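If you want the building blocks of each chain, they are given just below.
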Amino acid sequence: MIERSYEKYFRQNRLPHLWCPGCGNGIVMKAIVQAIEKNHAFTQDNTVIVSGIGCSSRASGYMDFDTLHTAHGRAIPFATGVKLANPALNVVVITGDGDCTAIGGNHFIHGCRRNVDLTVILFNNNIYGMTGGQASPMTPLGKKATTAPYGSVDRPFDACKLAEAAGATYVARSTAFHVQHLVKTIEDGLNNRGFSFIEALVQCPTAYGRRNKMGDPAKMMAWMRDNAVMKTAWDKLPDDKKTGDKFPIGLFYQAQAEPYDAAYSHVQEIAGGAAQ
Amino acid sequence: MSAKLMQGNEAIAEGALKAGVRFFGGYPITPSTEIAEGMAKMLPKVGGTFIQMEDEIASMGVVLGASLAGKKVLTASSGPGISLKQELIGYASAAEIPVVIVNVQRVGPSTGQPTAPSQGDVMQARWGTHGDHSIIVLSPWSVREAFDIAVKSVNYAERFRSPVILLTDEIVGHLRENVELPDEVEIYPRRIPKKSRAEGYQPYAPDDDLVPNVANFGEGYHIHVTGLIHDETGFPVGSPKVTRESIKRMHEKIARAEDEIIEVHQEFMDDAEFAVISFGGTSRTAYEAVLNARKRGIKVGFVRLITIFPFATKIIHEVAKNLRGMIVAELNFGQIVNEVERAVKGQCPVKLCAKYDMTIFEPEEIEKSIDELVAEVSK
């Protein structure tokens, strides 16, 4: 008998989802609710799921919480408002590589800077999927997209480095292949009081893999298995081995810092309005 | 009651606070910044929250999130800042989120004349965001009225679950007057669900007044909020019927309350053969021009639009029936004049008195326009 206690976190009447066969988004969405299930401070009544626009951002509609499907790139400002208006709420943000690092790039770095207590999960499929496969700021160099038919010449962001530099207090990466690791990574992110950023690499066989001859979804996941290197091992690799498609996963950065809502509560104390 | 010297922008902050605003998100821009500064100082004193965001778009996003989490919210900006906010004003319309946006108008387009007055954003206030939408736009002519209209704007935002634009200008925003503010104001409370989930609560099911009672986040309703066209459940539906009904209801919820929302200030109209129509800071000059013209024996009346949108079509149409001509005085190249002409329907001549040179009207300029109109219709 397969344990499916996580099913209560989904709006069964909204399923099946609209994602393509073989898409990795469902794996990450499930990992999010499995991580939430392990955290007793997060209930369906006190947790708000906020998303932007794009394939991954449709996840909010399937999840049985208070859910907020915002405008393109704007999930983090909306989520900031929810959290600061009612700090008792837990706020999880679901975003994509275009949503978070292109149109929402400014909001992303400033959310990190303020250390707003959000857990932001970026579903990185390396492409704009919803609009049919245009290059994103996280499309790797040389990869093809409808707007980069000869291969992308735009240097991509490393969203984890960006988050760390901007002030996030939990930064990690995992993939749709490393499911147990992904759940644990999100779980640790939920536990961090502050801006937690998790990049989850997902396969997009329809708009990215097909165009770049990466094979079927299973082959794309095998690529994740073969190229992801745990951070601890990655740090020991000599530079000449950090080549090709190899990339690090795991926890990159963690720090203790006062989250924004706690910092602002001091302002209310000084001003004399803390009790209200 | 306590008498106090303050400027229009400060009065807006005071009024919003009195009406129950407990969250402000903003970005600095002249000539609206005093509203943010006032809120930064006052909100934490009452347990509220002020946040300066990274840009105008984020300022709109953060207040919409806070509104959904149960707070009454305000944001303020000017010209180009308002243009940046327009994306999420559309979201607030579609998702029916209570929010008040103050626009302290300055000369545009673009950076324009950053500290000089203008009324060039009238049509931006009505049609600035994308798509079919309804909106409420109010405009004060004094510091005291700026307070009252701030209260009214917050109440309308809550009552209709709609964005409300408080359209002021640099004249009123930076005008200092001695005002007495009331200790208590009438407050429209946040609408709350009338059913439990077990009783089949639907967050976007319209109440008798066509406005839905959307639950705040964190109250156990597990609602879904989206900018996609949605049905009563709040979830997106790709059907022509739902699209048509949704857009129609969001117009009708405001249209059916028009008689209550629309306020027009009229004076000297009993014997008037002519009238000067104006709004906001320009009305101060228009009033003096009317007084001066009457002293010279011209039977001219004063009409001031307090509610800019929904437009006072019926009232202006009725007013025009008894007039030989109308002046529309506005600090722009001609915007509200088109709405006036549409309402007048050719019953009398409508003459535009426009100014767009970064200075405010002198009474003589409007008087000259009155004299010209009198001469034109007396030929």
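Cut-off values and rules
Residues numbered from 1 in each chain as written. Chains lettered and ligands numbered in written order. Predicted model: local features only at pLDDT ≥ 70, side-chain atom pairs only at ≥ 80, totals over all residues. Helix = DSSP H or I, 4+ residues; strand = E, 2+ residues; numbered from the N terminus. Rg over C-alpha atoms; globule rule 2.2 N^0.38 Å. Buried ≥ 20, exposed ≤ 12 C-beta atoms within 10 Å, placed from the backbone. Contact = placed C-beta atoms within 7 Å. Domains from an automatic or database assignment. pLDDT = per-residue confidence, 0-100. Nonpolar A, V, L, I, M, F, W, Y, C, P; charged D, E, K, R; others polar. Pairing = 2+ DSSP bridges. Axes fitted to C-alpha atoms, helices over the stretch in contact; angles between N-to-C directions. Expected span 1.5 Å × (residues − 1). Bend = angle between axes of the 7 residues up to and from the residue. Parallel < 35°, antiparallel > 145°, perpendicular 65-115°, else oblique. Left-handed = near helix turned anticlockwise from the far one by under 90°.

## Describing the overall build of chain B
The helix and strand inventory of chain B stands at 13 helices and 16 strands. Over its C-alpha atoms chain B spans a radius of gyration of 21 Å, differing by no more than 12% from the 21 Å that the globule rule assigns to 379 residues. Taking all 379 residues of chain B together, the buried fraction comes to 56%. Contacts in chain B between residues at least 24 apart in sequence constitute 77% of all its contacts with a sequence separation of at least 6.

## A short note on the overall build of chain A
The helix and strand tally for chain A stands at 10 helices and 10 strands. For chain A, the C-alpha radius of gyration of 18 Å lies close to 19 Å, the compact-globule estimate for 276 residues. Buried positions account for 51% of the 276 residues belonging to chain A. Considering only contacts within chain A whose residues lie at least 6 apart along the sequence, 66% involve residues at least 24 apart.

## Here's the deal with the domain arrangement of chain B
All names here are of chain B. Here the domain parsing of chain B yields domain 1 (2–181) and domain 2 (265–378). If you average the C-alpha positions of domain 1 and of domain 2, the two centres end up 27 Å apart. At the level of secondary structure, the elements contributing two or more residues to the side of domain 1 that touches domain 2 comprise β6 (113–117), α5 (122–127), β7 (136–138), β8 (163–169) and α7 (170–173). A per-element tally of the side of domain 1 that touches domain 2 places α5 first, with four residues.

## Looking at unusual backbone geometry
The general pattern is negative phi for most residues beyond glycine and trans for most peptide bonds. In this model, Gly-108 of chain B is joined to Pro-109 of chain B through a cis peptide bond whose omega is 5°. Phe-309 of chain B connects to Pro-310 of chain B through a cis peptide bond whose omega is 0°. Here Pro-310 of chain B lies in the loop between β14 (307–309) and α11 (313–321). Residues other than glycine seldom take positive phi values, yet Asn-115 of chain A does so here, at roughly 55°. Structurally, the position occupied by Asn-115 of chain A is in the loop between α4 (105–114) and β4 (119–124).

## Here we look at the confidence of the model for chain B
Looking at chain B as a whole, its pLDDT mean stands at 97, while 99% of the residues score no less than 70. Here the predicted complex scores 0.98 on pTM and 0.97 on ipTM.

## As for the environment of His-266 of chain A
Position of His-266 of chain A relative to the elements: it lies in helix α10 (residues 260–271). For the pair His-266 of chain A and Phe-65 of chain A, spaced 201 residues apart in sequence, the C-alpha to C-alpha distance is 30 Å.

## Section: the interface of chain A and chain B
Chain A puts 37 residues into the contact, and the matching count from chain B is 37 residues. At the level of elements, β2 (66–69), α2 (75–85), α4 and α10 of chain A are the ones that each hand at least two residues to the side of chain A that touches chain B. With eight residues, the single largest contributor to the side of chain A that touches chain B is α2 of chain A. Split into classes, the residues belonging to the side of chain A that touches chain B amount to 16 nonpolar, 16 polar and five charged.

## Structural notes on the environment of Ile-49 of chain A
Residues and elements named next belong to chain A. Tracing the chain through its elements places Ile-49 in strand β1 (residues 47–51). On the basis of neighbour counts, which here come to 29 C-beta atoms within 10 Å, the residue Ile-49 falls in the buried class. The spatial distance from the C-alpha of Ile-49 to the C-alpha of Phe-65 is 6.8 Å, given a sequence separation of 16 residues. Discounting chain neighbours no more than four positions away, the residues touching Ile-49 are Ser-60, Met-63, Phe-65, Thr-67, Val-92 and Ile-94.

## Thoughts on the pairing of strand β3 (residues 90–96) of chain A
Residues and elements named next belong to chain A. Among the seven residues that make up β3, seven are buried, leaving the element largely enclosed by the rest of the structure. Both faces of β3 are covered, namely the face carrying Asn-90, Val-92, Ile-94 and Gly-96 and the face carrying Val-91, Val-93 and Thr-95. Relative to β3, β1 is paired through five bridges, and the arrangement is parallel. In the sheet register, Thr-47 faces β3, and the bridge partner there is Asn-90. Relative to β4, β3 runs parallel, the two sharing five bridges. Bridged to Ile-94 within β4 is Ile-121.

## Quick word on the sheet that holds strand β11 (residues 264–267) of chain B
Note on sheets: strands pair through backbone hydrogen bonds, and any given pair is parallel or antiparallel. Residues and elements named next belong to chain B. Taken together, the five strands give an open sheet; going across it, the order is β11-β13-β12-β15-β16, and neighbouring strands pair in mixed fashion. Each having just a single partner strand, β11 and β16 (350–354) make up the two edges of the open sheet. Recorded for the sheet is a direction-independent mean angle of 20° between the axes of neighbouring strands. Two elements, strand β12 (residues 274–278) and strand β13 (residues 300–305), share five bridges in a ladder whose sense is parallel. Residue pairing for β13: Phe-274 is matched across the bridge by Val-300.

## Remarks on helix α4 (residues 79–95) of chain B
All names here are of chain B. Compared with the 24 Å implied by 1.5 Å per residue over 17 residues, the 24 Å span of α4 between its first and last C-alpha is a close match. At Gln-86, α4 is bent by approximately 45°, the largest bend along its length. In terms of burial, α4 is a largely internal element, 12 of the 17 residues being buried. Burial in α4 covers these residues: Gly-79, Gly-81, Ile-82, Lys-85, Glu-87, Leu-88, Ile-89, Tyr-91, Ala-92, Ser-93, Ala-94 and Ala-95.

## With respect to the packing of helix α1 (residues 25–37) of chain A against helix α6 (residues 179–191) of chain A
Geometry of a packed helix pair, given as the angle between the helix axes and the separation of the axes. All names here are of chain A. Direction vectors running N to C along α1 and α6 enclose 50°, while the axes themselves pass 8 Å from each other. The angle between α1 and α6 falls in the class oblique. The way α1 lies across α6 gives a crossing that is right-handed. Across the interface between the two elements, Ile-27, Val-28, Ala-31, Ile-32, Gln-34, Ala-35 and Ile-36 of α1 pack against Val-179, Leu-182, Val-183, Ile-186, Glu-187 and Leu-190 of α6. Of the residues that constitute the contact of α1 with α6, the class distribution is 11 nonpolar, one polar and one charged.

## Examining the packing of α4 of chain A against helix α5 (residues 159–166) of chain A
Residues and elements named next belong to chain A. Relative to each other, α4 and α5 sit at 45°, their axes nearing to 7 Å. By the angle class used here, α4 and α5 are oblique. In the crossing of α4 with α5, the sense of the turn from one axis to the other is right-handed. Of α5, the residues touching α4 (which contributes Ile-109, Cys-112 and Arg-113) are Leu-162, Ala-163 and Ala-166.

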